[in-house]
Amino acid sequence: MNARHMNKQNVTVIGLGQMGRALAEAFLAAGHPTTVWNRTEGKADALVARGAARAATVAEAVEASGLVVVCVLDYPAVGELLAPVAASLRGRTLVNLTSGSPEQARAEAKWAAEHGIGYLDGGIMTTPPGVGDSSNMILYAGAPALLDEHRSTLEVLGDPVDLGPDAGLASLYDAGLLGLMWSVFGGWLHATALVGADGVAAKDFTALANRWLKTVSWFMTGYAEQIDAGEYPGADATIDVQVAAIGHLLHAGEARGVDDRLPGLHLELMRAAVDAGHGGDSYARIIEVFRGK
Ligand code: FVH
């Protein structure tokens, strides 16, 4: 062991797809002795050239470290890989950064507990190039004490956010946050198509759009308080006013031949709130439409 590796925890990474390779690279860059395994062996070559140890089997990979990170395609793949090595995992900490549903995460946590395996479920809130950047979040759920124990190691991947003891919450937050991302992408791309029809470059519009998102985020903070209170005073802008405003967007889009399905959906949601008698409330009231109320 050289000086760089002194006091650094051994880590194993199972699954070397795009994300698993980025995770292993971050551990290596931080000086952690890192053991890797992947179904398609060749994906480990570049990591081995940088100093990682190649495990010949999943069991050998698990037995090399107290902290075992798995990041493969889905939970069925996690089960296929890890069920046969449950005895080797006993007494170690398994960090599952594979995406899945909250129900799958809770079932995996139950399996781990039944086999004496410490279990943290995680959600990586970035793409592989963002791994290792502390401004990006990695969500963890299921075992706050294990996260505290391994925080200094897991920090090299991104900012660890503790969501508490329910192992399903990292997946639930992940699903919700991805939904938010797709909605933002959709709105931004629709708007970029709209202004682009009149010759505005995407990068010019996006500079303003990013500034606007800061204001939108401020609206959301205020609306979150209304949601938690269950009261939606329309003291800033009512849904009625926004029904009129979205008419301008629909008109501008129609005049430019821009697909109107996204603003059409927003109008439908607003109308549902108006039809239920809430046109004078704030936009936050639309959460009740999503809740089916
Ligand atoms: N890439 C991203 O930006 C996102 C960011 C958020 C988190 N996701 C999740 O991370 C998991 C892995 O995603 P990925 O991008 O690394 O995916 P791939 O590059 O396609 O690599 C998939 C790895 O899974 C292995 N694998 C698949 N099925 C099996 C199986 N039955 N047994 C063993 N390993 C399996 C695959 O092995 P191979 O094809 O190389 O042999 C890769 O190592 C995923 O949950 C994302 O949602 C990434």
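In this text, all values refer to a predicted model and were calculated from it rather than measured experimentally.

Peer 1: Mind laying out a nonpolar patch on the surface, listing which residues take part and the relevant values?
Peer 2: A cluster of nonpolar side chains, Met 137, Tyr 173, Leu 177, Leu 180, Val 184, Leu 213 and Met 220, forms an exposed patch at the surface whose accessible area comes to about 560 Å². Elements with a minimum of two residues in the nonpolar patch: α8 (169-196) and α9 (202-229). For the nonpolar patch, the leading source of residues is α8, giving 4 residues. Among the secondary structure elements, Met 137 is positioned in strand β7 (residues 137-141).

Peer 1: Before we move on, could you go through the packing of aromatic side chains and cite the residues and values that matter?
Peer 2: Here a ring pair, both rings aromatic, is described through the centre-centre distance and the interplanar angle of the planes. One pass over the full model with this rule turns up 3 aromatic pairs. Measuring from ring centre to ring centre gives 6.4 Å for Phe 185 and Trp 188, while their planes differ by 50°; the resulting arrangement is tilted. Linking Phe 185 with Trp 188, this pair stays in helix α8, spanning 3 residues, or about one helical turn. Here Trp 188 falls in the partly exposed class, since its relative accessible area comes to 31%. Ring centres 5.9 Å apart and planes at 80° place the aromatic pair Trp 212 and Phe 219 in the edge-to-face group. Three or more aromatic residues joined by ring pairs form one cluster here, namely Trp 212, Trp 218 and Phe 219.

Peer 1: Describe the site of the ligand, naming the residues involved and giving the relevant values.
Peer 2: Neighbouring the ligand are 21 residues; Met 19, Asn 38, Thr 40, Lys 43 and Leu 73 lie closest to it. A distance of 2.8 Å is found between an oxygen atom of the ligand and a backbone nitrogen or oxygen belonging to Met 19. Here the ligand has 910 Å² of accessible area as a free molecule, and 76% of this is covered by the chains. Listed by contribution, the elements that provide at least two residues to the shell around the ligand are α1 (18-29) and α4 (75-82). Here the shell around the ligand gets 3 residues from one element, more than from any other, and that element is α4.

Peer 1: Describe the side chain of Thr 153, with residues and values.
Peer 2: Mapping Thr 153 onto the fold places it in helix α7 (residues 144-154). Given a relative accessible area of 4%, Thr 153 falls into the buried group. Leave out the neighbours within four places in its chain, and Thr 153 touches Gln 9, Val 11, Phe 27, His 32 and Leu 67.

Peer 1: Which residues make up the domain arrangement of the protein, and what values go with them?
Peer 2: When its domains are assigned, the protein resolves into domain 1 (3-165) and domain 2 (197-290). Centre-to-centre, using C-alpha coordinates, domain 1 lies 40 Å away from domain 2.

Peer 1: Outline α4, listing residues and values.
Peer 2: Turning to α4, its buried residues are Tyr 75, Ala 77, Val 78, Leu 81 and Leu 82. Projected down its long axis, α4 carries its buried residues within an arc of 155°, all on one side. One side-chain oxygen of the residue at the start of α4 lies 3.1 Å from the amide nitrogen of Ala 77, identifying that residue as Asp 74.

Peer 1: So what's going on with the sheet that holds strand β2 (residues 34-37)? Residues and values would help.
Peer 2: Whenever strands of a sheet pair, they do so through backbone hydrogen bonds, lying parallel or antiparallel. The 8 strands lie next to each other as β3-β2-β1-β4-β5-β6-β7-β8, forming an open sheet whose pairing is mixed. Edge positions in the sheet fall to β3 (53-54) and β8 (159-162), since each of these pairs with one other strand and no more. Set on the sheet, α4 makes contact with β1 (11-14), β2, β4 (67-70), β5 (93-96) and β6 (118-124); between it and β5 the angle comes to about 155°.

Peer 1: Tell me about the pairing of β5, and please be specific about residues and values.
Peer 2: The side-chain alternation of β5 yields two buried faces, one formed by Thr 93 and Val 95 and the other by Leu 94 and Asn 96. Both β4 and β5 contribute to a ladder of 4 bridges, which runs parallel. Following the sheet pairing, Val 68 is matched in β5 by Leu 94. One ladder, built from 4 bridges, connects β5 with β6; its direction is parallel. Each bridged residue has a counterpart across the sheet, and for Val 95 the counterpart in β6 is Leu 120.

Peer 1: Account for the pattern of salt bridges, with residues named and values stated.
Peer 2: A complete count under the given rule lists 10 salt bridges for this structure. Across the pair Arg 261 and Asp 259 runs a salt bridge, and its minimum N-O distance is 2.9 Å. Given the relative accessible area of 40%, Asp 259 is considered partly exposed. Overlapping salt bridges, with partners in common, bring together Glu 41, Asp 45 and Arg 54 in one network.

Cut-offs used in this document
- Residues numbered from 1 in each chain as written.
- Predicted model: local features only at pLDDT ≥ 70, side-chain atom pairs only at ≥ 80, totals over all residues.
- Heavy atoms only, no water.
- Patch = residues over 30% accessible without salt bridge, like charges linked within 9 Å, V, L, I, M, F, W, Y side chains within 5 Å.
- Areas by Shrake-Rupley, 256 points an atom, 1.4 Å probe, with all protein chains shown as cover.
- Salt bridge = Lys/Arg side-chain N within 4 Å of Asp/Glu carboxyl O.
- Helix = DSSP H or I, 4+ residues; strand = E, 2+ residues; numbered from the N terminus.
- Phe/Tyr/Trp six-rings, centres within 6.5 Å; stacked < 30°, edge-to-face > 60°.
- Buried < 20%, exposed > 50% of the residue type's maximum accessible area, 1.4 Å probe, protein only.
- Near = heavy atom within 4 Å.
- Polar contact = N/O pair within 3.5 Å; in protein donor to acceptor, adjacent residues only side chain to side chain.
- Contact = heavy atoms within 4.5 Å.
- Domains from an automatic or database assignment.
- Arc of directions from axis to C-beta.
- Pairing = 2+ DSSP bridges.
- Axes fitted to C-alpha atoms, helices over the stretch in contact; angles between N-to-C directions.

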